[in-house]
Amino acid sequence: MVKDRDRSVLKWPRGRLDFSAGPVRKAGRNEVKPDVQAASNGASCLIMGVLNVTPDSFSDGGQFFDVGRAVEHGLQMAADGAAIIDVGGESTRPGAAPVLLEKQIERIIPVIERLAKKVDVPISVDTYNFEVAKAALNAGAAIINDITALSDPGLAELAAKKQIPVVLMHMQGTPRTMQVEPKYADVVSEVRQFLLSRAKRAEDAGIPQDRIFIDPGIGFGKTLEHNLLLLRNIDSFVATDYRVLVGTSRKSFIGQITGKEKPADRIFGTAATVVLCAVAGVSIVRVHDVAQMVDVVKVANKIKIQN
Ligand code: HH2
């Protein structure tokens, strides 16, 4: 078991996540001040802000394709209370085709370099490519967020060598085809088993248990019913030896339930999932609407945690 997981502050050579204090507001250069009192028991849920440096992401495609605008948005998310900024250079929405590694590097490296100098929170790189991850870490990223759970040979060793945290996500198929009739006999146990085996493999490669986050991959090769089953049973992921990250933000299953066609109209639907995740003990939620979701998790954390 992760010892004292609920109270721990996770530190590694170039980063820090404080799960005892809840989302933070930037208090000044080099000072990140918790504005929810440190909890004496229970764990709080932190916010990962999404920064897609892409022309075609399903919700914010094209909005932050320009380096200056991307950096500005990253700074704003950090000021709004994001504990991590997640930078990606390839959309993995259903139907998306892979983007050349050089292209991804060209998109994200200038953003990571500039942001890393200006924000106090760690930057993660949303990639499943060894070369992209390596370039991002050299530019100042300090977490690897991998939707293929370290499938690319060498990624686990890279993370182990640099002693940085990894997010291992489950996906059935590839983005191009994943929403064409996804099938499971038992989605919760299959996804859980997959993540546990990848987590074990990561540990065997030398990544410490407390730096491994597992993620059921909402919307990645899953129907509405699969997504609902995973969220309904998210506690069975939290009950493993690993911390859990969940990404529901603005996703299409929320549109299916609410009838909201436009991703930007799915903020309240997203909030419902964020509350449920925070209460269930999920450690990190990956969201687009940082300022709003910081308030949502603050209240959820406060209700959940006894001071
Ligand atoms: N979802 C997306 C991308 N990366 N990473 C993790 N760990 N978990 C997720 O659920 C997840 C993820 C898809 O969202 P987004 O980045 O907004 O869209 P796009 O892939 O179109 O850029």
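What you see is a predicted model, and the numbers here were worked out from it, not measured in a lab.

Chemist: Which residues make up the overall build of the chain, and what values go with them?
Modeler: A tally of regular secondary structure across the chain gives 10 helices and 12 strands. The C-alpha atoms of the chain give a radius of gyration of 18 Å, which matches the 19 Å a tight globule of 307 residues would have. With the C-alpha coordinates aligned to their principal axes, the bounding extent of the chain is approximately 45 × 40 × 40 Å. In the chain, the share of contacts with a sequence separation of at least 24, taken over all contacts with a separation of at least 6, comes to 69%. Element-wise, carbon and sulfur atoms account for 53% of the exposed surface of the chain, whose accessible area totals about 13000 Å². A distance of 3 Å separates the average location of the 39 positive side-chain charges in the chain from that of its 35 negative side-chain charges.

Chemist: Requested: an account of the packing of helix H3 (residues 130-139) against helix H4 (residues 155-162), with residues and values cited.
Modeler: Between two packed helices, the angle of one axis relative to the other and the distance separating the axes together describe the packing. Interhelical geometry of H3 versus H4 gives an angle of 15 degrees and a closest axis separation of 10 Å. One finds that H3 runs roughly parallel with respect to H4. The handedness of the crossing between H3 and H4 is right-handed. Between H3 and H4, the contacting residues are Phe130, Ala133, Lys134, Leu137 and Asn138 on the first element and Leu155, Leu158 and Lys162 on the second. Within the contact of H3 with H4, the residues separate by chemical class into 5 nonpolar, 1 polar and 2 charged.

Chemist: Just give me the short version of the packing of aromatic side chains, but keep the residues and values in it.
Modeler: Tallied over the full model, the rule gives 1 aromatic pair. Here the aromatic rings of Phe19 and Phe213 are separated by 6.3 Å at their centres, their planes lie at 40 degrees, and the arrangement is tilted. Placement of Phe19 in the loop between strand S2 (15-18) and strand S3 (24-28) and of Phe213 in strand S10 (residues 212-215) is noted, with a sequence separation of 194 residues between them.

Chemist: Please provide a residue-by-residue account of the side chain of Asp18, values included.
Modeler: You can see Asp18 is positioned in strand S2. Here Asp18 occupies a buried position and makes no salt bridge, while the nearest side chain of opposite charge, Arg16, is found at 4.1 Å. Polar side-chain contacts of Asp18 include one of 2.6 Å to the side chain of Ser20. Among all residues touching Asp18, those that are not within four sequence positions of it are Val9, Ser44 and Leu46.

Chemist: Can you explain the pairing of strand S6 (residues 84-88)? Please cite residues and give values.
Modeler: Of all 5 residues in S6, 5 are buried; the element is thus mostly enclosed. The sheet contact formed by strand S5 (residues 46-52) and S6 spans 5 bridges and is parallel. The residue of S6 that forms the bridge with Asn52 is Gly88. Here 4 bridges tie S6 to strand S7 (residues 123-126), and the two strands are oriented parallel to one another. Looking at S7, one finds that Asp86 is bridged to Ser124.

Chemist: Requested: an account of the site of the ligand, with residues and values cited.
Modeler: By nearness alone, 18 residues border the ligand, and Ser57, Ser91, Asp215, Lys251 and His288 come closest of all. Here an oxygen atom of the ligand sits 2.9 Å away from a polar atom, N or O, in the main chain of Phe58. Taking His288, its side chain carries an N or O atom lying 2.7 Å from an oxygen atom of the ligand. About the coverage of the ligand: the protein hides 98% of its 480 Å² of free accessible area. Across the shell around the ligand, the residue classes break down as 6 nonpolar, 7 polar and 5 charged.

Chemist: Break down the pattern of salt bridges for me, with residues and values.
Modeler: On inspection of all chains with the given rule, the structure shows 6 salt bridges. Arg93 is paired through a salt bridge with Asp56; the nearest N and O atoms lie 3.2 Å apart. Of this pair, Arg93 sits in the loop between S6 and helix H2 (101-118) while Asp56 sits in the loop between S5 and helix H1 (67-80); the two residues are 37 residues apart in sequence, bridging distant segments of the chain. Measuring nitrogen to oxygen at the nearest pair gives 2.7 Å for the salt bridge that ties Arg250 to Asp289. Remark: Asp289 occurs in the loop between strand S12 (284-287) and helix H10 (290-304) and Arg250 occurs in the loop between strand S11 (243-246) and helix H8 (252-258); sequence separation between them is 39 residues. Overall, the relative accessible area of 10% leaves Arg250 in the buried class.

Criteria and thresholds
- Residues numbered from 1 in each chain as written.
- Predicted model: local features only at pLDDT ≥ 70, side-chain atom pairs only at ≥ 80, totals over all residues.
- Heavy atoms only, no water.
- Helix = DSSP H or I, 4+ residues; strand = E, 2+ residues; numbered from the N terminus.
- Rg over C-alpha atoms; globule rule 2.2 N^0.38 Å.
- Contact = heavy atoms within 4.5 Å.
- Areas by Shrake-Rupley, 256 points an atom, 1.4 Å probe, with all protein chains shown as cover.
- Lys, Arg positive; Asp, Glu negative; His and termini not counted.
- Charge placed at Lys NZ, Arg CZ, Asp CG, Glu CD.
- Axes fitted to C-alpha atoms, helices over the stretch in contact; angles between N-to-C directions.
- Parallel < 35°, antiparallel > 145°, perpendicular 65-115°, else oblique.
- Left-handed = near helix turned anticlockwise from the far one by under 90°.
- Nonpolar A, V, L, I, M, F, W, Y, C, P; charged D, E, K, R; others polar.
- Phe/Tyr/Trp six-rings, centres within 6.5 Å; stacked < 30°, edge-to-face > 60°.
- Buried < 20%, exposed > 50% of the residue type's maximum accessible area, 1.4 Å probe, protein only.
- Salt bridge = Lys/Arg side-chain N within 4 Å of Asp/Glu carboxyl O.
- Polar contact = N/O pair within 3.5 Å; in protein donor to acceptor, adjacent residues only side chain to side chain.
- Pairing = 2+ DSSP bridges.
- Near = heavy atom within 4 Å.

Treat this as a map of the structure, not an account of what it does.
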